[in-house]
There are 2 protein chains.
Amino acid sequence: MKQTKTWDASQLRPVFRKARTRFTTQREAIWRFFARSPGGFTITDAVAKLKAKGIGLATVYRTVTLLEKLDLLRHVHDKGLEHRFIATQPGHFHPLVCRSCGHVVEFDACGLSAVERSLSAKTGFHVEGHYVEIYGTCAECTGGRK
Amino acid sequence: MKQTKTWDASQLRPVFRKARTRFTTQREAIWRFFARSPGGFTITDAVAKLKAKGIGLATVYRTVTLLEKLDLLRHVHDKGLEHRFIATQPGHFHPLVCRSCGHVVEFDACGLSAVERSLSAKTGFHVEGHYVEIYGTCAECTGGRK
DNA sequence: GTTGTTGCAAACAGTTTGCACGAAA
DNA sequence: TTTCGTGCAAACTGTTTGCAACAAC
């Protein structure tokens, strides 16, 4: 299963426009940085790498928050406390995360809507959404060693 | 669906013993505190409340980490960044969280094992586990107001 | 008695904020 | 030109750690 193509930069501008916010060189650079790896990066990674480009720490934080709101970035839980952010296309997707190398593959069918309906009926909850993350070890990391 | 009964304190001691760790008055008090509410509490709540009993902040942190490792506590994501910890029985359970009042109901059947098998076959991942959390508004919070 | 646990305070890590300057529309 | 975004540094919040006193086994 190959990683679905994320947006290229030319499609990015309209997203910012739609949100009535500016498409700056920093914001593009930050998004490009995260889009560079299928496993994404932590904010710390991004800050370290983008400092060289003269992009400040605060801007990275503010932009990551923004990109997540725009559905251009999604976060997954790393082994530690820190989150890793991955570039993604919008829609209903969940991450399948490799705990060894950090590689992330997204999948759509989580089959939870049936469970939600049944829970809703049993408990009276009005279900608004769910958070799902599956983790394990990817083929490359499993094969051979470990 | 009523909340399944969690362990009472008399069953607690063996769990600590099995983990070769001590069953102290502080640890019991901290577990009791979280067990008191079906919605659980944040660490900040616990620190504030248990300070009166002379239990220090560091102990609360260390103990919560321990209790989670012992499967006596599980955390859910609050609206903000802070986690909320709820007392729970061990086993495969997931939280259904009310975002309005914080009430948590646990459920077991998440139906994800079929999804995992199919993903595993498609991607070659060795799946080790998953994190699932469903959120919404509970019956009490939905009914009438809001 | 031995060893793990606790409380305190100080150290840390990650994140947010105020403000003057600079760049997008 | 106007307004929003940026960089910097300082402030914050939540969490971890070192160490002497203490309690569980």
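Look a little higher up for the structure.
In short, a report on the structure. (Residues numbered from 1 in each chain as written. Chains lettered and ligands numbered in written order. Predicted model: local features only at pLDDT ≥ 70, side-chain atom pairs only at ≥ 80, totals over all residues. Heavy atoms only, no water.)

1. Section: the relation of the copies chain A and chain B
Then, number 1: Mapping chain A onto chain B leaves a residual RMSD of 0.2 Å; the transformation is a rotation of 179° accompanied by 0.1 Å of translation along its axis. What the rotation and shift describe, once combined, is the action of a two-fold rotation axis. Within chain A, the C-alpha atom positioned nearest to the axis of rotation is that of V132 of chain A, 2.2 Å from it.
Then, number 2: The residues that chain A uses at the interface reappear at the interface of chain B in 100% of cases, marking a shared surface. (Least-squares fit on C-alpha atoms with pLDDT ≥ 70 in both. Contact = heavy atoms within 4.5 Å.)

2. Points about the protein's contact with DNA strand D
Then, number 1: Contacts to DNA strand D come from 20 residues, most closely from T21, T24, G54 and T59 of chain A together with Y61 of chain B.
Then, number 2: When atoms of DNA strand D within 4 Å of the protein are sorted by moiety, sugar and phosphate together comprise 62%.
Then, number 3: Contacts to DNA strand D include T59 of chain A, whose side-chain N or O atom sits 2.3 Å from a phosphate oxygen.
Then, number 4: Take R13 of chain B: an N or O atom from its side chain is 3.2 Å from a phosphate oxygen of DNA strand D.
Then, number 5: For the surface near DNA strand D, the elements supplying multiple residues, two or more each, are helix 2 (25-35) and helix 4 (57-69) of chain A together with helix 4 (57-69) of chain B. (Near = heavy atom within 4 Å. Polar contact = N/O pair within 3.5 Å; in protein donor to acceptor, adjacent residues only side chain to side chain. Helix = DSSP H or I, 4+ residues; strand = E, 2+ residues; numbered from the N terminus.)

3. A short note on the protein's contact with DNA strand C
Then, number 1: Around DNA strand C, 20 residues are found, and the nearest of them are Y61 of chain A together with T21, T24, G54 and T59 of chain B.
Then, number 2: Of everything in DNA strand C that lies within 4 Å of the protein, sugar and phosphate atoms constitute 67%.
Then, number 3: In this structure, Y61 of chain A approaches DNA strand C through a side-chain N or O atom, which is 2.5 Å from a phosphate oxygen.
Then, number 4: Residue T21 of chain B places a side-chain N or O atom 2.4 Å away from a phosphate oxygen belonging to DNA strand C.
Then, number 5: Elements with a contribution of two residues or more to the surface near DNA strand C: helix 4 of chain A together with helix 2 (25-35) and helix 4 of chain B.
Then, number 6: For the surface near DNA strand C, the class distribution of residues is 6 nonpolar, 7 polar and 7 charged. (Nonpolar A, V, L, I, M, F, W, Y, C, P; charged D, E, K, R; others polar.)

4. Points about the sheet that holds strand 6 (residues 126-137) of chain B
Then, number 1: Read from one edge of the open sheet, 6 strands run 5(A)-4(A)-6(A)-6(B)-4(B)-5(B), paired in mixed fashion. Both outer strands of the open sheet, strand 5 (104-107) of chain A together with strand 5 (104-107) of chain B, are each paired with one neighbouring strand and no more. Here the strands of the sheet are splayed against their neighbours by 20° on average, with no regard to which way each runs.
Then, number 2: Two strands pair when backbone bridges link them, and strand 4 (residues 94-98) of chain A and strand 5 of chain A are joined in this way by 4 bridges, in the antiparallel orientation. Of the residues in strand 5 of chain A, the one forming a bridge with L96 of chain A is V105 of chain A.
Then, number 3: Each of strand 6 (126-137) of chain A together with strand 4 (94-98), strand 5 and strand 6 of chain B is contacted by helix 5 (residues 112-123) of chain A, which is oriented at about 135° to strand 6 of chain A, the strand it contacts most.
Then, number 4: This element, helix 5 (residues 112-123) of chain B, spans strand 4, strand 5 and strand 6 of chain A together with strand 6 of chain B of the sheet and lies at about 135° to strand 6 of chain B. (Pairing = 2+ DSSP bridges. Axes fitted to C-alpha atoms, helices over the stretch in contact; angles between N-to-C directions.)

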